[in-house]
Amino acid sequence: MSTTSDAVAGPDGGLRCPWGLSSEDYVLYHDAEWGRPVRGDDALYERLSLEAFQSGLSWITILRRREGFRAAFAGFDIASVAQFTDADRERLLADTGIIRNRAKIDATLANARVLAGWSEGELDELIWSFAPDPVSRPAPTSLAEVPAITPESTALSKALKKRGIRFVGPTTAYALMQACGLVNDHLADCVAREAPRP
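The paragraphs below set out a description of the structure included in this document.

Definitions and cut-offs
- Along each chain, residues carry numbers from 1 onward, in the same order as the chain's sequence is written.
- Totals for whole chains, interfaces and linings use all residues, but because this is a predicted model, local features are given only for residues with pLDDT of at least 70 and pairs of side-chain atoms are given and counted only at 80 or more.
- Here the side-chain values reflect all heavy atoms present in the structure, with hydrogen atoms and water set aside.
- Only DSSP runs of H or I reaching four residues or more are called helices, and only runs of E reaching two or more are called strands; each is numbered from the N terminus.
- The globule rule used here is 2.2 Å times the number of residues to the 0.38 power, and the radius of gyration it is set against is calculated over C-alpha atoms.
- Partly exposed residues are those whose accessible area sits between 20% and 50% of the maximum for their type, while under 20% is buried and over 50% is exposed, using a 1.4 Å probe and protein chains only.
- Surface exposure here means Shrake-Rupley accessible area, sampled with a 1.4 Å probe, where a residue is shielded only by the protein chains that are shown.
- Positive charges come from Lys and Arg, negative ones from Asp and Glu, while His and the chain ends are left out of the count.
- The location of each charge is read from NZ of Lys, CZ of Arg, CG of Asp or CD of Glu.
- Take the buried residues of types Ala, Val, Leu, Ile, Met, Phe, Trp, Tyr and Cys, join any two whose side-chain atoms come within 4.5 Å, and each joined set is a nonpolar core.
- Two residues form a contact once any of their heavy atoms are found within 4.5 Å.
- In what follows, salt bridge is the name for a side-chain nitrogen of Lys or Arg lying within 4 Å of a carboxyl oxygen of Asp or Glu.
- What qualifies as a polar contact is a pair of N or O atoms within 3.5 Å, subject to a donor-acceptor requirement within protein and to the restriction that residues adjacent in sequence count only when both atoms come from side chains.
- Axis definition: a line fit to C-alpha positions, over the contact stretch in the case of helices; interaxial angles, taken between N-to-C directions, run 0 to 180 degrees.
- Should an angle lie under 35 degrees it is considered roughly parallel, over 145 roughly antiparallel, and from 65 to 115 roughly perpendicular; all remaining angles are considered oblique.
- Take the far helix as the reference: if the near one is turned anticlockwise from it by less than a right angle, the crossing is left-handed, and if turned clockwise, right-handed.
- Charged residues are taken to be Asp, Glu, Lys and Arg, nonpolar residues to be Ala, Val, Leu, Ile, Met, Phe, Trp, Tyr, Cys and Pro, and polar residues to be all remaining types, Gly included.

## A word on the overall build of the protein
Move 1: Helix and strand counts for the protein stand at ten helices and two strands.
Move 2: In the protein, the succession of helices and strands from N to C terminus is β-β-α-α-α-α-α-α-α-α-α-α.
Move 3: Rg of the C-alpha trace for the protein: 17 Å, near the compact-globule value of 16 Å for 198 residues, within the 12% margin.
Move 4: In terms of its C-alpha atoms, the protein occupies a principal-axis envelope of roughly 55 × 35 × 30 Å.
Move 5: When each of the 198 residues of the protein is scored for burial, the buried share is 46%.
Move 6: Approximately 9400 Å² of the protein is accessible, and the part contributed by carbon and sulfur atoms is 54%.
Move 7: Looking at the protein, you have 22 positive and 27 negative side-chain charges, and the mean spots of the two groups are 6 Å apart.

## Some remarks on unusual backbone geometry
Move 1: Here the phi dihedral of A74 falls at roughly 50°; this positive angle occurs in a residue that is not glycine.
Move 2: Phi angles above zero are rare outside glycine, and F76 is one such case at about 60°.
Move 3: Mapped onto the secondary structure, F76 falls in the loop between α4 (66-72) and α5 (78-82).
Move 4: Assessed through its relative accessible area of 0%, F76 is described here as buried.

## Quick notes on the nonpolar core
General note: in soluble globular proteins, nonpolar side chains tend to be found buried as a group.
Move 1: In terms of nonpolar packing, the biggest core is built from 48 residues, with Y45, F69, F73, L92, L123, I127 and L156 touching the most fellow members.
Move 2: Apart from the residues within four sequence positions on either side, I127 is in contact with L44, L156, L176 and L182.

## Quick notes on the pattern of salt bridges
Oppositely charged side chains are able to pair whenever their charged atoms sit close together.
Move 1: Overall, the coordinates contain 14 salt bridges when judged by the stated rule.
Move 2: For D31, the salt bridge goes to R16, with nearest N and O atoms at 2.9 Å. Taken together, the positions of D31 in helix α1 (residues 24-32) and R16 in strand β2 (residues 15-16) put the pair 15 residues apart, joining distant regions of the chain.
Move 3: For R16, a relative accessible area of 5% gives the class buried.

## With respect to helix α10 (residues 170-179)
Move 1: Of all the ten residues making up α10, eight are buried; the element is thus mostly covered by neighbouring parts of the structure.
Move 2: Where α10 is buried, its residues meet α1, α2 (41-54), α8 (122-128) and α9 (151-162).
Move 3: Looking one or two places after α10, you find G181, whose phi comes out positive at around 80°.

## Describing the side chain of H30
Move 1: Relative to the elements of secondary structure, H30 occurs in helix α1.
Move 2: Residue H30 is classed as buried on the basis of its relative accessible area, which comes to 0%.
Move 3: Of note is the side chain of H30, whose polar atom sits 3.2 Å from the side chain of H186.
Move 4: If we ignore the near neighbours within four places in the chain, the residues touching H30 are R16, C17, W19, G20, H186, C190 and A192.

## So, the packing of helix α6 (residues 86-93) against helix α7 (residues 102-115)
Move 1: α7 packs onto α6 with a crossing angle of 140° between their chain directions and a minimal axis gap of 10 Å. Classified by the interaxial angle, the pair formed by α6 and α7 is oblique. The two elements α6 and α7 meet at a crossing, and its hand is right-handed. Here R89, L92 and L93 of α6 come into contact with α7, specifically with R102, I105, D106 and L109.
Move 2: Partitioned by chemical class, the residues of the contact of α6 with α7 number four nonpolar, no polar and three charged.

## Observations concerning the packing of α2 against α10
Move 1: For the pair α2 and α10, interaxial distance at closest approach is 9 Å and the crossing angle is 130°. In terms of their interaxial angle, α2 and α10 are classed as oblique. Classified by chirality, the crossing of α10 by α2 is right-handed. On the side of α2, the interface is formed by L44, R47, L48, E51 and A52, while α10 contributes T172, A175, L176 and A179.
Move 2: Across the contact of α2 with α10, the residue classes tally to six nonpolar, one polar and two charged.

This is the structure:
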């Protein structure tokens, strides 16, 4: 374990993960959302979809278009998106408020159709069943100690793919785990690490 911290002082003097200070949007997301537990099928479907759209792009690109995504995908209500038609698909491919990537749009629609056949709470239960024991994960002090893939994210990716979910490789699965609070990868000195959790 490193003895120095990569945490950086923000405008308020509080130490934060360096990526969380690059823009005001990032500060808000880092402090209030990233690493906080997200529960519920629709909420997790939204995060799963946004992480897939982020693949190959910067997260700030997705973050700044999140309201556009929510408007385009019926608030990520699984039952509603599962009913989207070919006309909706064409609308999405023309929507400048989102990332107009055909493969990612198709995966988001296909995933909603798969998930619509699951029992209520099933997605939540499946994803959270891969949360590692927090005791087994010491707080990172440097960005080098934060992995991109873990055995748990690889297993989660495989489990989701086996159930028909698309565009969710081990890296995307780990980003989902970080964003939704299954793991806490805020640096040890970060003000958001021990912030109150819902």
